[in-house]
Amino acid sequence: MKGLFTTMIIGLVLLTCQTSCKVSKENSVFVPIKVEVPPRPAGQEDVIQLTAPKLDTVRVGFIGLGMRGPGAVERFAYIPGTKIVALCDLLPERVEKSQEILKKAGLPEAVSYSGTEDAWKQLCERDDIDLVYIATDWKHHAEMGVYAMEHGKHVAIEVPAAMTLDEIWKLIDTSERTRKHCMQLENCVYDFFELTTLNMAQQGVFGDILHVEGSYIHNLEDFWPYYWNNWRMDYNRQFRGDVYATHGMGPACQLLNIHRGDRMKTLVSMDTKAVNGPAYIKKRTGEEVNDFQNGDQTTTIIRTENGRTMLIQHNVMTPRPYSRMYQVVGTDGYASKYPIEEYCLRPSQVKSEDVPDHENLNAHGSVPSEVKEALMDKYKSPILDKELEETAKKVGGHGGMDYIMDYRLVYCLRNGLPLDMDVYDLAEWCCLAELTRLSIENGSAPVEVPDFTRGGWNKVQGFQHAFAK
């Protein structure tokens, strides 16, 4: 009887899987859903390690001055070698508020664009702008990025920079064709703990990294009303899957050297039912919602070409402490940022001259606080010096990481260096929006992750920040 019961359970599992996956009868393995990689347009080359002519002064125009844009304007007022040329928003009063930021900083007034749906195009068409900084709602990010590059501008786009594979390929192809930088403004890779831990990983402190975790867990219940025209809640209502993955993906992918010696190969995603989204709408408007798409929690597992794994979560609906998870599992060590910053290392990985009390370390508990502090001091990211760190903490922006992000962007443009994040990073970190939906809607079937480099994922070995020579 027990054997019969086991056989029945196995049969049910196989039947469930077969409804969502293609099964190869020859070797009894499930074949992932294949996602087409369009051929590279004739005459184009990749933009891996792309460099552009040095810019003595980075002349910038800002599009989108609602929630994120004004903070960026204020940060750029502190960055040497920049000139704020133009400001654009659909609402004129927002442009005026950002003009006040310039005035307060003792900077000249910028050219204003507002009042019409396509006023931003006039900004992109100016011949005295080098960089277009886009901080609008998600739906307009890719369109604006493509248009700006087509008009000879480098672009920096707030997260997520693209919501569909079609948008992703348009950004890639345009960057390759125009040879213009297209960077996603993923600030979380510049948080101090992440920068330090990445440097530790690059120095081999954790051994061979096998598994990483990341997330965006942030109850937005108190923030929904601040999104203009309700655009963010509407997006969650309309689309299933991990629609905001980049804060978890960015640090995780840098740790695994994605498209710098490894690549994401397959993902599987699943979600819970949608409860709090419909409840919020009913509470606010009285509408009974039966078509809400985004589950309260979405969980995705990714496997790489080299046999490493990633766990990514999205939850903006339920009461939970804020977390980006950020966990690193290596053969010789472990790191975690949430709920507390901690390291766990094999004692052999720590030298006596590096940290105090090293003889009391073990491989099954967090290192003491004084050891953690010594490690973070020893492995401070090489892109940080004392002046930059102090300025970042003074200017702020999520504790300073926003300022470091903008500073690094300008630094690389002024020195003709590859940017820390390229258009393929943008693609890989944004692709979960569509690929997770595809997996979920097919019964959590495995889905192939496209090689957005079109064969160049192994061209560079290891992630490294660029430096001026």
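Data block above holds the structure.
What this report covers is the structure whose coordinates are included nearby. (Residues numbered from 1 in each chain as written. Predicted model: local features only at pLDDT ≥ 70, side-chain atom pairs only at ≥ 80, totals over all residues. Heavy atoms only, no water.)

On to the overall build of the chain, then. Per the secondary structure count, the chain includes 15 helices and 16 strands. Each of the three principal axes of the chain carries a C-alpha extent, and together these read 85 × 60 × 50 Å. Of all 469 residues assigned to the chain, the portion counted as buried reaches 55%. For the chain, restricting intrachain contacts to residue pairs at least 6 apart in sequence, the fraction spanning at least 24 positions comes to 74%. About 21100 Å² of surface is accessible on the chain, with carbon and sulfur atoms providing 50% of the total. Positive and negative side-chain charges in the chain, numbering 51 and 65 respectively, have mean positions lying 1 Å apart. (Helix = DSSP H or I, 4+ residues; strand = E, 2+ residues; numbered from the N terminus. Buried < 20%, exposed > 50% of the residue type's maximum accessible area, 1.4 Å probe, protein only. Contact = heavy atoms within 4.5 Å. Areas by Shrake-Rupley, 256 points an atom, 1.4 Å probe, with all protein chains shown as cover. Lys, Arg positive; Asp, Glu negative; His and termini not counted. Charge placed at Lys NZ, Arg CZ, Asp CG, Glu CD.)

This part covers helix H5 (residues 138-150). Side chains three or four residues apart in an α-helix point the same way, a direct result of the helix having 3.6 residues per turn. Of the positions making up H5, those classed as buried are Trp138, His141, Ala142, Met144, Gly145, Val146, Tyr147, Ala148 and Met149. Positive backbone phi, at 80 degrees, marks Gly152, one or two positions downstream of H5.

What follows covers the packing of helix H2 (residues 69-76) against helix H13 (residues 401-415). Two numbers describe how H2 lies on H13: the axes approach to 10 Å, and their chain directions differ by 60 degrees. In terms of their interaxial angle, H2 and H13 are classed as oblique. By crossing handedness, the relation of H2 to H13 is classed as right-handed. Counting all contacts with H2, which are made through Ala72, Arg75 and Phe76, the residues of H13 involved are Asp402, Tyr403, Met405, Asp406 and Val410. Among the residues making up the contact of H2 with H13, the classes are represented as 5 nonpolar, no polar and 3 charged. (Axes fitted to C-alpha atoms, helices over the stretch in contact; angles between N-to-C directions. Parallel < 35°, antiparallel > 145°, perpendicular 65-115°, else oblique. Left-handed = near helix turned anticlockwise from the far one by under 90°. Nonpolar A, V, L, I, M, F, W, Y, C, P; charged D, E, K, R; others polar.)

Our focus in this paragraph is the sheet that holds strand S6 (residues 131-134). Spatially, the 6 strands line up as an open sheet ordered S5-S4-S3-S6-S7-S8, and their pairing is parallel. Whereas interior strands pair on both sides, the edge strands pair on one side only; in this sheet they are strand S5 (111-114) and strand S8 (182-185). Looking at each pair of strands side by side, their axes are set apart by 20 degrees on average, direction ignored. As defined by bridge partners, S6 adjoins strand S7 (residues 154-158) across 4 bridges and the pair is classed as parallel. Note on S7: the bridge partner recorded for Val132 is Val155. Along the sheet, helix H3 (residues 92-104) contacts strand S4 (82-89) and S5; its crossing angle with S4, the most-contacted strand, is approximately 160 degrees. Packed onto the sheet, H5 meets strand S3 (58-63), S6, S7 and S8 and runs at close to 170 degrees relative to S7. (Pairing = 2+ DSSP bridges.)

Bringing empty space enclosed by the protein into the picture now. With the rule as written, the count across this model stands at 4 cavities of 30 Å³ or more. There is about 50 Å³ of room inside the largest cavity. Each residue belonging to the lining of the largest cavity can be placed in one class, and the counts come to 6 nonpolar, 1 polar and 3 charged. (1 Å grid on protein atoms, 1.4 Å probe; cavity = no way out; pocket = protein on both sides within 12 Å on 5 of 7 lines; lining within 4 Å. Points joined across faces, edges and corners; volume = space filled by probe spheres on them.)

Topologically, Val159 is positioned in the loop between S7 and helix H6 (165-178). Looking at Val159, the relative accessible area reads 6%, which means it is buried. Distance from Val159 to Phe292, taken between C-alpha atoms, is 23 Å for residues 133 residues apart in sequence. Not counting the four nearest positions on each side in its chain, Val159 is found in contact with Trp138, His141, Gln184, Leu185, Glu186, Tyr244, Thr246 and His247.

Looking now at the pattern of salt bridges. As a working rule, side chains carrying opposite charge can pair if their charged atoms are close by. A full pass over the atoms with the stated rule returns 35 salt bridges. One salt bridge connects Asp191 with Lys337, and the closest N-O pair in it is separated by 3.2 Å. Taken together, the residues Asp191 in the loop between S8 and helix H7 (192-202) and Lys337 in the loop between strand S14 (333-336) and strand S15 (342-345) connect sequence positions 146 residues apart. Residues Asp191 and Lys337 agree in their burial class; the two are buried. Here Arg346 and Asp332 are joined by a salt bridge, their closest N and O atoms 2.8 Å apart. Here the residue Arg346 occupies a position in the loop between S15 and helix H11 (369-378), and Asp332 occupies one in the loop between strand S13 (327-330) and S14, the gap between them amounting to 14 residues. Three or more residues joined by partner-sharing salt bridges are found here, namely Asp191, Glu194, Arg324, Lys337, Glu341 and Lys372. (Salt bridge = Lys/Arg side-chain N within 4 Å of Asp/Glu carboxyl O.)

Where empty space is left can be seen by rolling a probe of water-molecule size over the atoms. For the largest pocket, the calculated volume is near 1200 Å³. As for the largest pocket, its lining consists of 48 residues, and the residues nearest its centre are Met67, Ala135, Thr136, Asp137 and Trp231. Of all elements in the fold, only S4, H5 and helix H8 (231-238) reach the threshold of two or more residues within the lining of the largest pocket. Volume-wise, the second largest pocket comes out at about 230 Å³. Along the walls of the second largest pocket sit 20 residues, with Gln49, Arg260, Pro418, Leu419 and Asp422 positioned nearest its centre. The class makeup of the residues in the lining of the second largest pocket is 10 nonpolar, 6 polar and 4 charged.

Before going further, it helps to examine the side chain of His218. Tracing the sequence through the fold places His218 in the loop between strand S9 (209-217) and H8. Separated by 2.8 Å, the side chains of His218 and Tyr216 make a polar contact. Discounting chain neighbours no more than four positions away, the residues touching His218 are Phe223, Asn315, Val316 and Tyr322. (Polar contact = N/O pair within 3.5 Å; in protein donor to acceptor, adjacent residues only side chain to side chain.)

This part is about helix H14 (residues 423-430). With 8 of 8 residues buried, H14 lies mostly within the body of the structure. Along H14, the positions that sit buried rather than exposed are Val423, Tyr424, Asp425, Leu426, Ala427, Glu428, Trp429 and Cys430. Looking at the packing, one finds that the buried side of H14 touches H6, S8, helix H9 (246-255), strand S10 (264-271) and helix H15 (432-441). At the N-terminal boundary of H14, the capping side chain belongs to Asp422, with an oxygen 2.9 Å from the backbone nitrogen of Tyr424.

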